[in-house]
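Residue-level listing of the chains:
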Amino acid sequence: MSGAPASPRTFLLTNATLISMDERLPQQLPRAAMLVADGIIQQVYTSDADLPTTAGVLPRIDAAGMAVLPGLTDGHAHLDRETLGDDLPGFAGASSVADILDVVAQAAVNAQPGEWIVTRPLGTPPDYTDADDPFGGGRLPDRHDLDSVSPDNPVFIRPIWGFWNMRAKKISFANSLALAAAGISAETLSPHDDLVIERDARGNPTGRFVETAHQPLIEHTLLRVAPGFTRHQRAAAIRNAFERYASFGTTAVFEGHGIASEVLDAYLDAYAAAGSARLRASLPLSPHWPEIGDLRGTLEGWRGDFELLAGRFAGVDGVFIGGAVDETATALRSANHPRTGWAGFAAGAFVPMADVEQLLLDCARSGVRVAGLAKNLLEIFARVDGQVPIGGLGWTLGHQPTLSRDQIDVAADLGVMMTTITGHHLHRGVFTRDLVGTDRESEIVPVKSLMDAGVPVVLGSDNRPISIWDSMVHVVSREDERGVIVAPDEAVSRYDALKLVTVNGARLTGDEDKRGVIRPGLAADFAVLDRNPLECDLAELAGTRSVLTLVDGHPVSTDGTLAL
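Residues numbered from 1 in each chain as written. Predicted model: local features only at pLDDT ≥ 70, side-chain atom pairs only at ≥ 80, totals over all residues. Heavy atoms only, no water.

In this section: empty space enclosed by the protein. Scanning the model with the defined rule gives four cavities of 30 Å³ or more in all. The computed volume of the largest cavity comes to approximately 120 Å³. (1 Å grid on protein atoms, 1.4 Å probe; cavity = no way out; pocket = protein on both sides within 12 Å on 5 of 7 lines; lining within 4 Å. Points joined across faces, edges and corners; volume = space filled by probe spheres on them.)

Structural data, given as structure tokens:
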């Protein structure tokens, strides 16, 4: 989309099946039209017959009867990770050690002697379902295999980000030069029980490392000497991801896990390079709290910084705080600050639980918005609210697999917003239903109860997959990957599912006065879809794509179906 116009467009969209999400209008308007001027919706016509005679001089986009709805918000996107590493050598389709070595050998040909060769993980993206067994039980490469094709270059085959495939072990590989550069020998001890240095019969490292935690430690500890992702790589990944997310109708993202400083820098670069062909981004900052001395002064100063950043792009609007589950592993990752690897958020944002309440109190006193994930943060939010009211600050919790009726009531009373990851906690039922039991299954991602209580809840992709349509199917069908219907009373209608990612999404990002519905005076953020999400077979809903996605009237993604 590098050829997108430099200023917002003025045009007439006609012959649309309009799903405006405006409660003042019917849920669907066939043959509707919309006038856009300078990126703002000027008028919505309930029928093409209502068009003024002067409309004939305007450029037109004929929607050909396709469904048009407000742009979607991904409430937990990790957009920065979607194309990160695409410029590295990869192994999709590899079926043997020989295939792996062919890729490494070619990379060695293109590298200078001594230059590191860092690759994507073994397995097939994006889900890496074969990450820990790519050859169906066949032998995996070791240091000697890699040495044979790269005798002059250290090699590091990265592990997967564990949330791509939560069942797989995280396996990484290094050749002898890489091991030597990292100082890894027979005497080297693993820094953590989750990270195993595989050894041969003599106790020497084989060059294979196996991890069980979802967030790899290897790049932050034993092989931290290997090059990480550069600012340029991250910025390019964000820029490329704009169009990829937009191809599903997403026009805005909320990074509920927060972003580290190196990702914020990349966002600034990506926005400058993308011009008008970019998504809206609401970015809580993921600070490295241990390096912040004057906490109160820093928090109060950030409010002004957030406003300045919001003037340059969609903006940073708060901070991420999480309580560390494994403080040892968190400290190990944090020691590699400012590098974050696949994560994109600072390990130092995970605050020891003993310190969280005071930190939250300081945020409340400074009027700073907080986004968090830890399960017990809600009860701490309530205690903080008893001293400093947090209503109106937009505090948010994400990744909550289960919520009881009492917790929902507390969230409603506090004005806390929720984002939810249905892929982890509802569809892949083994991670929630098998843990909480059938007697509590009504607490699993209780979207309907949240909506009924007035808690703004927004669906998030968590970058696996990036299409939010999968999540909408999950909350409508309540069916997990084994075909089991989980708490059917918590199912919502398709229209209500759309509310979660349009109306509620705009509220999550503080944009309800700009977008979220198609209405005169709001921004021309909308998507033209290849099927009607209210009428297509439910089995087809997850495959929904946008043939044209616009932000402020600018095209961010188009498949060429419609003439612009």
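This is not the end of the story, as more comes after the structure.
In this section: the pairing of strand S11 (residues 205-211). Counting buried positions along S11 gives seven out of seven residues, so the element sits mostly inside the fold. Of the strand pairs in this sheet, strand S9 (residues 170-174) and S11 are connected by four bridges, and their pairing is antiparallel. Across the sheet, Ser-172 pairs through a bridge with Phe-209, a residue of S11. Two elements, strand S10 (residues 195-199) and S11, share four bridges in a ladder whose sense is antiparallel. From the neighbouring strand, Ile-197 faces S11, where its bridge partner is Phe-209. The loop that links S10 with its antiparallel partner S11 comprises five residues; one of these, Gly-203, has a positive phi angle of about 90°. (Buried < 20%, exposed > 50% of the residue type's maximum accessible area, 1.4 Å probe, protein only. Helix = DSSP H or I, 4+ residues; strand = E, 2+ residues; numbered from the N terminus. Pairing = 2+ DSSP bridges.)

Right, let's talk about the pairing of strand S22 (residues 554-558) for a bit. Note on strand geometry: in a regular strand, side chains alternate between the two faces of the sheet. Most of S22 is tucked away, with four of its five residues classed as buried. By the bridge criterion, four bridges tie strand S21 (residues 546-551) to S22 in an arrangement that is antiparallel. Bridge pairing links Leu-550 to Pro-555 in S22. Taken together, S21 and the strand that follows it, S22, pair antiparallel across an intervening segment of two residues, in which Asp-552 is found at a positive phi of about 55°.

Let us look at unusual backbone geometry. When glycine is set aside, most residues are seen to have a negative phi, and most peptide bonds are trans. Here the bond from His-337 into Pro-338 is cis, since omega is 10°, no more than 30 degrees from zero. On the secondary structure map, Pro-338 appears in the loop between helix H7 (327-334) and strand S15 (350-351). Between Arg-464 and Pro-465 the backbone carries a cis peptide bond, its omega angle lying at -15°. Looking at the secondary structure, you find Pro-465 in the loop between strand S19 (457-459) and helix H14 (469-477). A positive phi angle is found at Ala-487, which is not glycine, with a value near 50°. Its place among the elements puts Ala-487 in the loop between H14 and helix H15 (494-501). Note on Ala-487: relative accessible area 6%, which makes it buried.

Let us now look at the packing of aromatic side chains. Summed over all chains, the structure comprises twelve aromatic pairs. Arranged with centres 5.7 Å apart and planes meeting at 50°, the rings of Trp-161 and Phe-163 form a pair that is tilted. Judged by relative accessible area, Trp-161 falls into the buried class, the value being 4%. Pairing Phe-242 with Tyr-271 gives two aromatic rings, centres 5.5 Å apart and planes at 90°, and the pair type is edge-to-face. On the criterion of sequence distance, the pair formed by Phe-242 in helix H4 (residues 231-246) and Tyr-271 in helix H5 (residues 261-274) is long-range, its members being 29 residues apart. The pair Phe-242 / Tyr-271 is uniform in exposure class, with both members buried. A network of ring pairs unites the aromatic residues Trp-161, Phe-163, Phe-320, Phe-345 and Phe-350 as a single cluster. For the cation-ring pair, Arg-545 lies above Phe-248, with the distance from its terminal atom to the ring centre recorded as 4.3 Å. (Phe/Tyr/Trp six-rings, centres within 6.5 Å; stacked < 30°, edge-to-face > 60°. Lys NZ or Arg CZ within 6 Å of the ring centre and 35° of its normal.)

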